[in-house]
Amino acid sequence: MDRPLVAGWQCVVCGASVDIAQPFTWRCPNATETDRRHAMQLVQGVAPLLSTGEPNPFLAFRRYLAWDGFVAAHGLTPASRHAMVAELDTLVASVAGTGFVTTPFERADSLSEALGFGADGGVWVKDETHNVAGSHKARHLFTILLHLRAAEQLGLARWATRPPLAIASCGNAALAAATLAAAVSWPIRVFVPVGANPAVVARLHSLDAHVVECPRLPADPPGDPCVHRFREAVAQGAVPFSVQGPENAWCLDGGRTIGWEIALQAGEQISDEVSRRPLDRLFVQVGGGAFAASVAAGYRMSGATPSLHAVQTEACAPLLRAWDRSSSLGGAGQAAAHWSECMWPWEHVGNSAADGILDDETYDWLPVLGAMAESHGSPVVVSEAHVLQANDLGCRTTGIDASHTGTAGLAGLLAVRDEVRADERVAVIFSGIRR
Ligand SMILES: Cc1ncc(COP(=O)(O)O)c(C=O)c1O
Ligand SMILES: [Zn+2]
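Here the structure is a predicted model, which is why all the values come from computation and not from measurement.

The rules behind these values
- Residues numbered from 1 in each chain as written.
- Chains lettered and ligands numbered in written order.
- Predicted model: local features only at pLDDT ≥ 70, side-chain atom pairs only at ≥ 80, totals over all residues.
- Helix = DSSP H or I, 4+ residues; strand = E, 2+ residues; numbered from the N terminus.
- Expected span 1.5 Å × (residues − 1).
- Buried ≥ 20, exposed ≤ 12 C-beta atoms within 10 Å, placed from the backbone.
- Arc of directions from axis to C-beta.
- Contact = placed C-beta atoms within 7 Å.
- Pairing = 2+ DSSP bridges.
- Axes fitted to C-alpha atoms, helices over the stretch in contact; angles between N-to-C directions.
- Domains from an automatic or database assignment.
- Left-handed = near helix turned anticlockwise from the far one by under 90°.
- Nonpolar A, V, L, I, M, F, W, Y, C, P; charged D, E, K, R; others polar.
- Near = placed C-beta within 6 Å.

> Go over helix α3 (residues 78–96), please, and point to the residues and values.
With 19 residues, α3 ought to run about 27 Å at 1.5 Å a step, and its terminal C-alpha atoms sit 27 Å apart, in line with that. Residues of α3 that are buried include every one of Arg 81, Met 84, Val 85, Leu 88, Asp 89, Val 92 and Ala 96, and no others. Summarising the axial view, the buried residues of α3 lie within an arc of 125°, below the 170-degree limit, and thus occupy one face. Structural note: α3 exposes Ala 79, Ala 83, Glu 87, Thr 90 and Ser 94 on the side pointing more than 90 degrees away from its buried face. Check the buried side of α3 and you find it contacts α1 (57–60), α2 (66–73), α5 (137–153) and α6 (172–183). In the segment just after α3, Gly 97 is the residue with positive phi, at about 85°.

> So what's going on with the sheet that holds strand β3 (residues 40–44)? Which residues, and what values?
Taken in spatial order, the three strands line up as β2-β1-β3 in an open sheet, and their pairing is antiparallel. Strands at the two margins of the open sheet, each flanked by one partner only, are β2 (17–19) and β3. The sheet shows a mean angle of 30° between the axes of neighbouring strands, taken without regard to direction. Bridge analysis of strand β1 (residues 6–11) against β2 gives three bridges, and the strand direction is antiparallel. Residue pairing across strands places Gly 8 opposite Asp 19, the latter belonging to β2.

> Run through the domain arrangement of the protein, naming residues and quoting values.
Many analyses report the size of an interface as the accessible area lost when the parts associate. Domain assignment breaks the protein into domain 1 (6–97 + 137–252) and domain 2 (105–135 + 255–430). Between domain 1 and domain 2, the C-alpha centre-to-centre distance is 23 Å. Contributions of two or more residues to the side of domain 1 that touches domain 2 are made by α1, α3, α5, α6 and α9 (251–254).

> Now, about the packing of α3 against α6: what can you tell me, with residues and values included?
Their axes nearest at 8 Å, the elements α3 and α6 cross at an angle of 115°. In the packing of α3 onto α6, the handedness of the crossing is right-handed. Contact residues: α3 offers Leu 91, Val 92, Ser 94, Val 95 and Ala 96, while α6 offers Thr 179, Leu 180, Ala 182 and Ala 183. When its residues are assigned to classes, the contact of α3 with α6 shows seven nonpolar, two polar and no charged.

> Now, about the sheet that holds strand β13 (residues 425–430): what can you tell me, with residues and values included?
One open sheet accounts for six strands, arranged β4-β5-β13-β10-β11-β12; its pairing is mixed. Bordering the open sheet on either side are β4 (105–107) and β12 (378–382), each of which pairs with just one other strand. Looking at each pair of strands side by side, their axes are set apart by 25° on average, direction ignored. The sheet contact formed by strand β10 (residues 281–285) and strand β11 (residues 307–313) spans five bridges and is parallel.

> Would you mind going over the site of ligand 1 in detail, with residue names and values included?
Taken together, 20 residues lie around ligand 1, and Gly 287, Gly 288, Phe 291, Gly 356 and Gly 432 are the ones closest in. Elements with a contribution of two residues or more to the shell around ligand 1: α6 and α11 (290–300). The biggest single contributor to the shell around ligand 1 is α11, with three residues. Taken together, the residues that form the shell around ligand 1 break down as seven nonpolar, 12 polar and one charged. Counting only domains with at least three residues in the shell around ligand 1, you end up with domain 1 (6–97 + 137–252) and domain 2 (105–135 + 255–430).

> A description of the packing of helix α12 (residues 318–327) against helix α14 (residues 365–374) should follow, citing residues and the corresponding values.
Across the interface, α12 lies against α14 with an axial gap of 11 Å and an inter-helix angle of 65°. Between α12 and α14 lies a crossing of right-handed hand. Contact with α12, carried on its side by Leu 319, Ala 322, Trp 323 and Ser 326, involves Trp 365, Val 368 and Leu 369 of α14 and no other residues of that element. In terms of residue class, the contact of α12 with α14 is built from six nonpolar, one polar and no charged.

> Account for α2, with residues named and values stated.
Among the eight residues in α2, seven count as buried, and that is most of the element. Among all positions of α2, only Ala 66, Trp 67, Asp 68, Gly 69, Phe 70, Val 71 and Ala 72 are buried. Of the residues one or two after α2, Gly 75 is the one with positive phi, at around 90°.

Structure follows, in structure tokens:
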């Protein structure tokens, strides 16, 4: 029963395969300094999705993690794999004030009523605001850190001094990364835009992160200058401690824990003999796309697939453009062959209160597109009015103090409420505590 499930990685763009035993397989072997248009996907066996019942999802679902397959391939016993997760979690808790625990998932009764849902339907909210560093982001990064620690312990890391971690972010991902790095005293460089939120920058400093401000340089190609500086650091040996699949596919491993949690929580709370799927729809706010890709990949392992709606704002909506483009190029099944025709940086990124999802490229667009097509979902682009209304209504009715980014999934539901029946069961994820 404790056999790990994951055998390796395969790139859906070029077909390259990587065995799970190989360390530091952050990117597709065919990705280059200038071309990251590759998408590694896990190759894994099929098994019923079961939790051990432990509160920590990395323990409860350990055997489904690629990380577990990696260390098992190097001969570590289930007991020592369990201990490694528990030890790292204790270190994280000493900095973050909490370790990883299964987060709440409940029907939001007054929100459901306010939106006109009936007793059979409604809105269920997964509350990630009290997770490590105040959002779901640390879930993605924890499997990268587990990988690094295991590689050191197994003698696979040949460095005399630890290479720094690197991340391009000025929000929840940066805070999560700096928190995890501080837990193991690993040096980290955080590449932030000019004018980053001073409260976030102050917290990064207090976690001993090296913060690098990144103005656009005259010679910069299109795209986010923080990402350019991040890639330069990685080219010089830094570890991509990134929540973007093309930069570090291992972030897609731990991100699935939230999908596993929701699938089991929904299954326990909602029984439906007729459709055999507890949830009808899932609205997920999308920036770089790793979050929605991971939620969908995790949830799918339960055997059910609610329709996935990826939510972006009018200020920056490259995913809808890719969805439309790909449908005229053979659909989601052919999209991997048409990357450059479907996904490129959004030319004029506007402003939005949901500033955490203004990534000019949806880096993980391929798995998000695939999950939407497979589940008969669709992208939803919301107005700023819906972003503001969702935050006001969502926080007021649930008492959860989430940021506008964190409630942007609900804005997607508001935008298409007329198309949703009153007996449908819809889930959203509130992530990112208001700062
Ligand atoms: C609270 C919150 N929700 C969702 C997202 C979107 O995640 P992703 O960039 O992986 O699509 C972010 C990213 O910054 C976030 O901070
Ligand atoms: Zn590839």
